[in-house]
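Fold and contact review
Here is what each chain is made of, one letter per residue.
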Amino acid sequence: MFARIRPFLPHEGDDNVPFVHPSGETTLQIVRGKQESKFQFDRVFAPSAGQDAVFDEVSEFVQSALDGYSVCLFSYGQTGSGKTHTMTGTGSGAMRGLIPRSIEQIGLHKKKLDQEGWEYTMECSFLEIYNEAIRDLLRDSKSSECKHEIKVGADGRRTVTNLTVKRIDPNDTDSIDSVLSRAAKRRSTASTDMNSVSSRSHSVFTLTITAKHEEMNKMISGTLNLVDLAGSERLDRSNATGQTAKEAVAINKSLSSLTDVFAAIGEHSKHVPFRNSKLTYLLQPCFSGDGKTLMVVNISPTEESVQESMCSLRFASSVNKCELGKAKRTFTKVR
Ligand SMILES: Nc1ncnc2c1ncn2[C@@H]1O[C@H](COP(=O)(O)OP(=O)(O)O)[C@@H](O)[C@H]1O
Ligand SMILES: [Mg+2]
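In short, a report on the structure. (Residues numbered from 1 in each chain as written. Chains lettered and ligands numbered in written order. Predicted model: local features only at pLDDT ≥ 70, side-chain atom pairs only at ≥ 80, totals over all residues. Heavy atoms only, no water.)

Description of the site of ligand 1
The condition that has to hold: One heavy atom within 4 Å of a molecule or strand makes the whole residue count as near it. Contacts described as polar in this section are N or O atom pairs within 3.5 Å, which, within protein, must combine one atom able to donate a hydrogen with one able to accept it, while residues neighboring in sequence count only if both atoms come from side chains. For accessible areas, the Shrake-Rupley method is used with a probe of radius 1.4 Å. Any residue's cover is judged against the shown protein chains and nothing else. Helix and strand assignments follow DSSP, with helices taken as H or I runs no shorter than four residues and strands as E runs no shorter than two, numbered in order from the N terminus. Just so you know the grouping, Ala, Val, Leu, Ile, Met, Phe, Trp, Tyr, Cys and Pro go in nonpolar, Asp, Glu, Lys and Arg go in charged, and all remaining residues, Gly too, go in polar.
The local shell around ligand 1 consists of R4, R6, P7, L9, Q78, T79, G80, S81, G82, K83, T84 and H85. T84 places a side-chain nitrogen or oxygen 2.8 Å from an oxygen atom of ligand 1. Backbone polar atom of H85 to an oxygen atom of ligand 1: 2.7 Å apart, as the coordinates give it. Here ligand 1 has 560 Å² of accessible area as a free molecule, and 69% of this is covered by the chains. The dominant element in the shell around ligand 1, judged by the number of residues it contributes, is helix α2 (residues 83–87), at 3 residues. Its residues assigned to classes, the shell around ligand 1 shows 2 nonpolar, 7 polar and 3 charged.

Set out below in structure tokens:
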């Protein structure tokens, strides 16, 4: 579990005192009046930490998808705390987030492994879960949205029906940019239509990696999921009716299902409630067997966010205590 504090934004003023600050590399402090609370994480990123510093810390984790693990990285936090900035970022320079950086790094590593006789193919998909329904973020603008279901293969891996899957060359930055901008467009179009869907939905970018080594008669398959979660703020349900009430219930349900899954795993419970939400059902392989998960909790430094920041940090600390067990790699025979 990592924590990242975002800097103040220009409109928030520049002589502000942050209410959350790092103390050392693994401790974060939050100040509320005279009260001070401390939280421990594997790594705490100060507001000054750039996208490259965050990526440096997760790159090894991301790369393990190439070795055949099911890997998932979550970006958690209230709306406006920097989840999308961390995950996707902006542009093609220093502000690029974890998704484009991960693809790029996998591309570099793939080149090395290709020389050792491995033949890699990579495919990506990008979906959104909104009100417990899956939407395809890479769909053609002309084709209308179809229904999607999660199917489970014999090996436990998930596939989603009717989902656009694009073969990508991780060394072709232009095609990656076009995939990401298409997804961003789908997400933002929806947000003007529907009361900021993007802060009410989870987005899941999935890179599926398959490698074959003919000579060694081995095949590896790994997946990398990069998840931008819905805003964690508790929605006011008191006056909400219709669509808003439905949204509130759906978000609360899927985020609490995620918490329940972490809690059940942490307690080594026999029953882990993966089926309680689409998100946890889709990502189940990342929590078991050959799975690895990592979460970045994003925190806003402002005073008005203190209450929500405390909630995010409490949630993150409870998740931080879960041991997922040691992951195994999956190897299968080519023939
Ligand atoms: N570490 C950061 N450095 C600079 N700007 C940031 C940082 N984190 C977030 N921002 C900016 O803050 C705003 C809100 O961030 P965003 O990622 O959209 O939040 P969220 O996805 O959690 O709602 C955006 O304008 C974003 O560019
Ligand atoms: Mg966002």
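That was the structure; now back to the text.
Points about the pairing of strand β7 (residues 119–130)
Where we set the bar: For the exposure calls, accessible area comes from a 1.4 Å probe over protein chains only, and a residue counts as buried if that area is under 20% of its type's maximum, exposed if over 50%, partly exposed in between. The rule for pairing is simple: two strands pair if DSSP sees at least two bridges between them.
With 9 of its 12 residues buried, β7 lies for the most part within the structure. Note: β7 against strand β12 (residues 202–213), 11 bridges, orientation antiparallel. Pairing of C124 across the sheet is with L207, part of β12. Bridge count between β7 and strand β11 (residues 166–167): 2 bridges; the pairing is antiparallel. Opposite E123, over in β11, you have R167 as the bridge partner. The pairing of β7 with strand β8 (residues 133–136) spans 4 bridges and is antiparallel. Note on β8: the bridge partner recorded for I129 is I134. A loop of 2 residues connects β7 with β8, the two strands running antiparallel in sequence, and N131 in this loop sits at a positive phi of about 50°.

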